[in-house]
Amino acid sequence: MQIHDVIGIGFGPSNIALAITLEEKKQEGYDIDSFFIEKQPSFAWHANMMLDNTHMQISFLKDLATMRNPSSHFTFINYLHQKQRLQDFINLKTFFPSRHEFNDYLAWAAAHFNHRCVYGEEVFEVLPERRKDEVSLLRIRSRDSHNIVHERLTRNLIVSVGGTPNIPECFRSLKSDSRIFHSNSYLREIARHGDAKKIAIVGAGQSGAEIFMDLHDRPGAPHVDLIMRARAIKPSDDSPFVNEIFNTDFTDFVFSRSNQERGSLMNEYWHTNYAAPDLVLIERIFDVFYQQRVTGNTRHRFLRRHEVAGALALSEGIQLTLRNLNAGCEHVETYDAVVLATGYSRDHHRSLLAPLSPYLDSFTVDRQYRLQSTPDFRPAIFLQGACESSHGLSDTLLSVTAVRTDEIGHALLSAVHEPAVTQTDSPIRAVASR
Ligand SMILES: Cc1cc2nc3c(=O)[nH]c(=O)nc-3n(C[C@H](O)[C@H](O)[C@H](O)COP(=O)(O)OP(=O)(O)OC[C@H]3O[C@@H](n4cnc5c(N)ncnc54)[C@H](O)[C@@H]3O)c2cc1C
């Protein structure tokens, strides 16, 4: 069986950026055999939130390559040049392309690596391979859409699997009810529930706010209740001094602090990324509610200072018990569909790597994002997008992506150039799973 130098789980922006970095290192004389496994059938960036009139929340200069190597083939500017849109883009006078365009840029970059990536396989397990008295390789097990299990061997691993939908406790037992869905599957599910007349959105962060406007503009004109605990929707602060926390050198600062200081920084800047839509979007929503007051229309309701205390699946709809946090009372409402705009958790790597936990130091990472391990564990495992608590708020965003892959690339080269493990003779295994 072929042994790869490195396998990457997931082929979103983080691992595409890494593939680019490794490709450019090849031009410097370093050759690392890399391979990526992506569960989606083809490249797509948050496809179910690819709404019209949505734009990037970050400058296009924080693309897959510019911050690391402005002369890279893979910059957003070169993409525009290749697509013959550079001059027209300049005339747009914006740093914030549409999400449709950025998705197209990412797909363009990803297509350069089709020979190094398999799509349509979901990694479900990573196993240690012991040779003599140490773990020298990892066995990566993935399942395709026909339920066939594939196995591959690698010396090193990069886990870049993004977020997992965060489902509030009271909805967990109703997970199989298709009338309740997370923003992560919004476009797919709303198409299935096109006849829904009354819809609840739980959460009013960027995704909740975008979904509200999308539902408002839909031809079926559903009634929407926008439910959130806070008193006001506050905008994300992207003013220049605050934005410095997303600079690449701020990662050094965050990493060097104590846990307590990092916690305080997280609290201080939490609203730069969470539960904080763009100001223009907030203004559009305010205008919708204002116009309702002008016309006397009561189509939508803004249920601020409300939380969902319970949820029941009934034949006539999803019944939510809503607690009014100001009045301290509860009432019930029934909806045809409930959208959970409740964010993501970032701990999927823990279940994927669970078989390795005896060798890992409670999933602690070093500055180069490498998981700390016992001395008898040789493979280097890196995490991208799961290190917010140690590396700062930029970790789950595109802000440091290009530079982070340079840091990981250096650490990976050191790991690869440690004495090599020889090839085994068994072919790639494909095993039907039960
Ligand atoms: C709607 C939306 C808009 C956003 N807009 C911005 C923005 O404007 N600016 C910004 O900085 N950030 C934005 N973000 C944050 C987002 O996290 C980053 O933009 C970026 O997607 C992070 O890249 P990633 O590769 O780490 O994760 P992801 O993009 O989530 O990619 C992870 C990939 O791994 C795959 N995968 C997961 N598990 C497995 C598995 N077990 N096996 C195989 N493959 C797997 C997934 O299918 C996915 O393709 C946005 C997020 C959302 C949800």
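Computed from a prediction, not measured in an experiment: that's the story for all the values here.

A.B. asks: Describe the environment of Leu64, naming the residues involved and giving the relevant values.
C.D. replies: As for its position among the elements, Leu64 is in the loop between β2 (34-38) and α2 (76-82). For the pair formed by Leu64 and Ala230, sequence separation is 166 residues and the distance between their alpha carbons is 35 Å.

A.B. asks: Residues and numbers for the sheet that holds strand β8 (residues 180-182), please.
C.D. replies: Within a beta sheet, neighbouring strands are joined by backbone hydrogen bonds and run either parallel or antiparallel to one another. Here five strands make up an open sheet; going across it, the order is β8-β15-β9-β10-β11 and the pairing parallel. In this open sheet, the two strands that pair with only one neighbour each are β8 and β11 (301-303). Geometrically, the sheet is characterised by an average inter-axis angle of 20 degrees between neighbouring strands, direction not taken into account. Here β8 pairs with strand β15 (residues 337-340) via three bridges, running parallel. Of the residues in β15, the one forming a bridge with His182 is Leu340. The strands that helix α6 (residues 206-217) touches are β9 (198-202), β10 (223-227) and β15; relative to β9, the one it contacts most, it runs at about 165 degrees.

A.B. asks: Outline unusual backbone geometry, supporting the account with residue identities and numerical values.
C.D. replies: Although it is not a glycine, Lys132 sits at a positive phi angle of roughly 55 degrees. Structurally, Lys132 is set in the loop between β4 (121-131) and β5 (134-144). You can call Lys132 exposed: its relative accessible area is 84%. Of note, Ser362 is a non-glycine position whose phi angle comes to about 45 degrees, a positive value. Here Ser362 is to be found in strand β17 (residues 360-365).

A.B. asks: Describe the site of the ligand, with residues and values.
C.D. replies: Close to the ligand lie 28 residues, the nearest being Ser14, Glu38, Trp45, Gln57 and Leu398. A distance of 3.1 Å separates an oxygen atom of the ligand from a polar side-chain atom of His46. Here Gln57 contributes a backbone N or O atom positioned 2.8 Å from an oxygen atom of the ligand. Protein contact buries 91% of the 980 Å² of open area that the ligand shows by itself. Elements with a contribution of two residues or more to the shell around the ligand: α1 (13-27), β2 and β4. At three residues, the largest contribution of residues to the shell around the ligand is made by β4.

A.B. asks: Quick rundown of the pattern of salt bridges? Include the residues and the values.
C.D. replies: Scanning the model with the defined rule gives 28 salt bridges in all. When the shortest N-O distance is used, the salt bridge between Asp5 and Arg155 registers 2.9 Å. Placement of Asp5 in strand β1 (residues 3-9) and of Arg155 in strand β6 (residues 148-159) is noted, with a sequence separation of 150 residues between them. As far as burial versus exposure is concerned, Asp5 and Arg155 are alike and both buried. As a salt-bridge pair, Glu169 and Arg172 come within 2.9 Å of each other at their nearest N and O atoms. If you follow the salt bridges from partner to partner, you end up with Glu125, Glu129, Arg131, Arg139, Arg141 and Glu151 in one network.

Rules used throughout
- Residues numbered from 1 in each chain as written.
- Predicted model: local features only at pLDDT ≥ 70, side-chain atom pairs only at ≥ 80, totals over all residues.
- Heavy atoms only, no water.
- Helix = DSSP H or I, 4+ residues; strand = E, 2+ residues; numbered from the N terminus.
- Pairing = 2+ DSSP bridges.
- Axes fitted to C-alpha atoms, helices over the stretch in contact; angles between N-to-C directions.
- Contact = heavy atoms within 4.5 Å.
- Buried < 20%, exposed > 50% of the residue type's maximum accessible area, 1.4 Å probe, protein only.
- Near = heavy atom within 4 Å.
- Polar contact = N/O pair within 3.5 Å; in protein donor to acceptor, adjacent residues only side chain to side chain.
- Areas by Shrake-Rupley, 256 points an atom, 1.4 Å probe, with all protein chains shown as cover.
- Salt bridge = Lys/Arg side-chain N within 4 Å of Asp/Glu carboxyl O.

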